[in-house]
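Read off the chains here:
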Amino acid sequence: MSESTSRDRFDYASRTSARKITTRGVGKMFQKMTIALIAVCLLGALSLHAQGGESRRGFWMSFGGGGGWNDGMRGASGYVRMGGTPNERVQFGTQLLWWWRHEPNREWSRVHAGVTAQFFPFRFDSRGASFLNELHLRTGFGYAGASGILSGVGIQLGVGCDLGLNDKLFVTPSVDVLKQMYRHLTDTALLFTLGLTWH
């Protein structure tokens, strides 16, 4: 076992006693990020979405990157998602999300791979409220991995917004919380990403 993965395992154990404090901090950060995301969607909708509501149908794909926090440590994040659209308000698919941090002689990584569902709860016809139509709630379930030494299951909750560049291409800011559960250990990550979506 490499030195970096050994230290990663030690870091898991040493941070367990502070788990409640860290989780509370992530919850507050998620609230702030969600408010910021809605603000970005509102401003973006006024400029990018003036052409009216978009139609969701068929195959869709999204990918992007950004930053994030895992138990208080900052790092880089990214995702790839793809799937199908059974109706205007629901999208199903598969996804891969990751968080990564590198320091001299140390490296941490988290991976989440599984299924996802995206729900578009709003359907407004008025132009003034049309930006709400592109807000979506996201949930997911799947495999969780930590630095190649731990494996378990993970659940995901997120919120995003599709801002139309044209009929098929969208800019998608998102906030996601990952809860990863390993044997005797849990891990919480907050990811803030900006991506491109096609459907």
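Attention here is on the structure that accompanies the text.

1. Observations concerning the overall build of the protein
Now for step 1: Tallying secondary structure elements over the protein gives two helices and nine strands in all.
Now for step 2: Order of helices (α) and strands (β) in the protein, N terminus to C terminus: α-α-β-β-β-β-β-β-β-β-β.
Now for step 3: A buried classification covers 44% of the 199 residues belonging to the protein.
Now for step 4: Within the protein, counting contacts between residues at least 6 apart in sequence, those at least 24 apart form 58% of the total.
Now for step 5: As displayed, the protein offers around 9,900 Å² of accessible surface, 67% of which is attributable to carbon and sulfur atoms.

2. Some thoughts on the packing of aromatic side chains
Now for step 1: Evaluated as defined, the whole model comprises one aromatic pair.
Now for step 2: Ring centres 6.2 Å apart and planes at 50° place the aromatic pair Phe59 and Trp198 in the tilted group. Placement of the pair is Phe59 in the loop between α2 (19-48) and β1 (60-70) and Trp198 in strand β9 (residues 185-198), with a sequence separation of 139 residues.
Now for step 3: In this structure, Arg81 is placed above the aromatic ring of Tyr79, and the distance from its NZ or CZ to the ring centre is 4.3 Å.

3. What about the side chain of His112?
Now for step 1: Here His112 is to be found in strand β4 (residues 106-119).
Now for step 2: Note on His112: relative accessible area 0%, which makes it buried.
Now for step 3: Sequence-distant contacts of His112, defined by excluding residues within four places in its chain, comprise Gln95, Leu96, Leu97, Gly140, Phe141, Gly142, Tyr143, Gly154, Ile155, Gln156, Leu178 and Gln180.

4. Comments concerning the pairing of strand β2 (residues 73-87)
Along a regular strand, successive side chains alternate from one face of the sheet to the other.
Now for step 1: As paired strands, β1 and β2 are joined by 11 bridges and run antiparallel to one another. Opposite Gly65, over in β2, you have Gly78 as the bridge partner.
Now for step 2: The hairpin formed by β1 and β2 contains two residues between the paired strands, and Asp71 there has a positive phi angle of roughly 50°.
Now for step 3: Once β2 ends, the chain turns through two residues before running back antiparallel as strand β3 (residues 90-103).

5. Re unusual backbone geometry
Now for step 1: For Asn105, which is not a glycine, the phi torsion comes out positive at approximately 70°.
Now for step 2: Looking at the element boundaries, Asn105 is found in the loop between β3 and β4.
Now for step 3: Overall, Asn105 belongs to the exposed group, its relative accessible area being 59%.
Now for step 4: A positive phi angle is found at Ser147, which is not glycine, with a value near 50°.
Now for step 5: Structurally, Ser147 is set in the loop between β5 (135-146) and β6 (150-161).

How each quantity is defined
- Residues numbered from 1 in each chain as written.
- Predicted model: local features only at pLDDT ≥ 70, side-chain atom pairs only at ≥ 80, totals over all residues.
- Heavy atoms only, no water.
- Helix = DSSP H or I, 4+ residues; strand = E, 2+ residues; numbered from the N terminus.
- Buried < 20%, exposed > 50% of the residue type's maximum accessible area, 1.4 Å probe, protein only.
- Contact = heavy atoms within 4.5 Å.
- Areas by Shrake-Rupley, 256 points an atom, 1.4 Å probe, with all protein chains shown as cover.
- Phe/Tyr/Trp six-rings, centres within 6.5 Å; stacked < 30°, edge-to-face > 60°.
- Lys NZ or Arg CZ within 6 Å of the ring centre and 35° of its normal.
- Pairing = 2+ DSSP bridges.

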